[in-house]
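Descriptive analysis of the structure
Now for the letters of each chain:
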Amino acid sequence: MRLLTLIFSKDRPLQLQATLASFALHCREAAQTPITVLYRASSEPFSRGYAQLREEFQGRLLIDWVEERSFRHDLLACLRQPPAASRWRRILDRLRLRSWRPRCDQLLFLVDDNIFVRPFSLGSIVEALEQQPSVIGFSLRVGRNTTRCYSMNCAQPLPDFQPVASGLRFRWVGQTGDFGYPVEVSSSVYRLADLIGLLRTLPYTNPNRLEQVLSSSSSLFALGKPDLLCFEQSVAFCAPINKVQTILDNRAGASDDYSSEALLERFLAGQRVDVAALKDFVPRAAHEEIELPLQSASAL
């Protein structure tokens, strides 16, 4: 399995701790799965938070921490196989037009307010993608339980699901809400070969714009890959308790207690999200505001 987990984060060390800890708790292959965290800190205290989080997960997960300088360039660099060490090998690769070599075959996109709530296997997801060429990806955030669309604040009808060995398959073409939003960056697995052309040619400068341009291009897959896979119950959701970007007016919680600055203070004071307390939580939507179960790190 050549799968890379790519996590986007900005000014959210406490929320990212929940993402990483819940991934470690519920993903069967977590300890063997390479993870790249592409992060941005807007101030020294946030940088200190990320540095502390990096130390905490040292040896627990295979994480490559990449501080964002130029988002698009950094993302593509994360996906590219490092060049060969030999100078002559590098020259030969260029002559053979092999300067772009993908680092992985599958890509799991995550963001720093993702939380995993039940066990799952990336191996079975990869196998399902290999066996079903009509699917564009495998969504971890939808299932029979996601009857509401948080971003549109409305009910969403369930599609006609077809049971398959890995879970469920449905036709995303013609669906509404989250079921009609097949290409996104908050907990879905894709074949890199399907997306790399878009990632290398579309314009984007941050994760929100990336999702926007990818979603706008989803019609390109409507004919050849009109289906999407998911589990009976979603294994992950986003907890949109705050907003750290001003690019898009996405719906999110606005409590001062959950601002990125307030959560940073709690993180630096030693509080962490008790992800075990959220085990078997059943969200009604791909995004759901919750109260974070915070505990002292020493108590976890």
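Check the entry above for the structure.
Below is a summary of the structure that appears in this document.

Each value, and the rule that gives it
- Residues numbered from 1 in each chain as written.
- Predicted model: local features only at pLDDT ≥ 70, side-chain atom pairs only at ≥ 80, totals over all residues.
- Heavy atoms only, no water.
- 1 Å grid on protein atoms, 1.4 Å probe; cavity = no way out; pocket = protein on both sides within 12 Å on 5 of 7 lines; lining within 4 Å.
- Points joined across faces, edges and corners; volume = space filled by probe spheres on them.
- Nonpolar A, V, L, I, M, F, W, Y, C, P; charged D, E, K, R; others polar.
- Core = buried A, V, L, I, M, F, W, Y, C linked by side-chain atoms within 4.5 Å.
- Buried < 20%, exposed > 50% of the residue type's maximum accessible area, 1.4 Å probe, protein only.
- Helix = DSSP H or I, 4+ residues; strand = E, 2+ residues; numbered from the N terminus.
- Contact = heavy atoms within 4.5 Å.
- Axes fitted to C-alpha atoms, helices over the stretch in contact; angles between N-to-C directions.
- Parallel < 35°, antiparallel > 145°, perpendicular 65-115°, else oblique.
- Left-handed = near helix turned anticlockwise from the far one by under 90°.
- Salt bridge = Lys/Arg side-chain N within 4 Å of Asp/Glu carboxyl O.
- Pairing = 2+ DSSP bridges.
- Right-handed = clockwise from strand over helix to strand, strands pointing away.

**Regarding empty space enclosed by the protein**
For the coordinates displayed, the defined rule picks out one cavity of 30 Å³ or more. Estimated volume of the largest cavity: approximately 30 Å³. Across the lining of the largest cavity, the residue classes break down as four nonpolar, one polar and two charged.

**Considerations on the nonpolar core**
Soluble globular proteins tend to pack their nonpolar side chains together in the buried interior. Ranked by size, the top nonpolar core spans 53 residues in total, and within it Phe-120 and Leu-140 carry the most contacts. Here this core gets six residues from one element, more than from any other, and that element is helix α1 (residues 13-26). Once residues lying within four places of it in the same chain are set aside, the contact partners of Phe-120 are Phe-23, His-26, Cys-27, Arg-28, Glu-29, Ile-125, Leu-140, Phe-231 and Val-235. Core analysis: the second largest hydrophobic core is formed by 38 residues, Phe-170, Val-185, Phe-221 and Leu-228 among them.

**Digging into the packing of helix α3 (residues 71-79) against helix α6 (residues 192-201)**
For the pair α3 and α6, the least separation of the axes is 11 Å and the interaxial angle reads 150 degrees. By the angle between their directions, the pair α3 and α6 is classed as roughly antiparallel. Once α3 is placed against α6, the crossing between them reads as left-handed. When α3 is examined against α6, the residues Arg-72, Leu-75, Leu-76 and Leu-79 are found in contact with a partner set consisting of Leu-192, Ile-196, Leu-199, Arg-200 and Thr-201. Residue composition of the contact of α3 with α6, grouped by class: six nonpolar, one polar and two charged.

**Digging into the pattern of salt bridges**
Using the criterion set out here, one finds twelve salt bridges in the structure. Measuring nitrogen to oxygen at the nearest pair gives 3.5 Å for the salt bridge that ties Arg-69 to Glu-67. Ionic pairing is found between Glu-184 and Arg-141, a salt bridge with its closest N-O pair at 3.7 Å. Here the residue Glu-184 occupies a position in the loop between β10 (167-171) and β11 (188-191), and Arg-141 occupies one in the loop between β6 (135-139) and β7 (148-149), the gap between them amounting to 43 residues. A relative accessible area of 1% means that Glu-184 is categorised as buried. Its relative accessible area of 3% is what places Arg-141 among the buried residues. Among the charged side chains, a salt-bridge network with shared partners connects Arg-12, Asp-112 and Asp-113.

**A short note on the pairing of strand β2 (residues 34-40)**
Burial analysis of β2 places five of its seven residues in the buried class, the great majority of the element. Pairing of strand β1 (residues 3-10) with β2, which is carried by six bridges, proceeds in the parallel orientation. Following the sheet pairing, Phe-8 is matched in β2 by Leu-38. Regarding the hand of the β-α-β motif, the stretch spanning β1, α1 and β2 is right-handed. Handedness of the β2-helix α2 (residues 44-56)-strand β3 (residues 62-67) crossover: right-handed.

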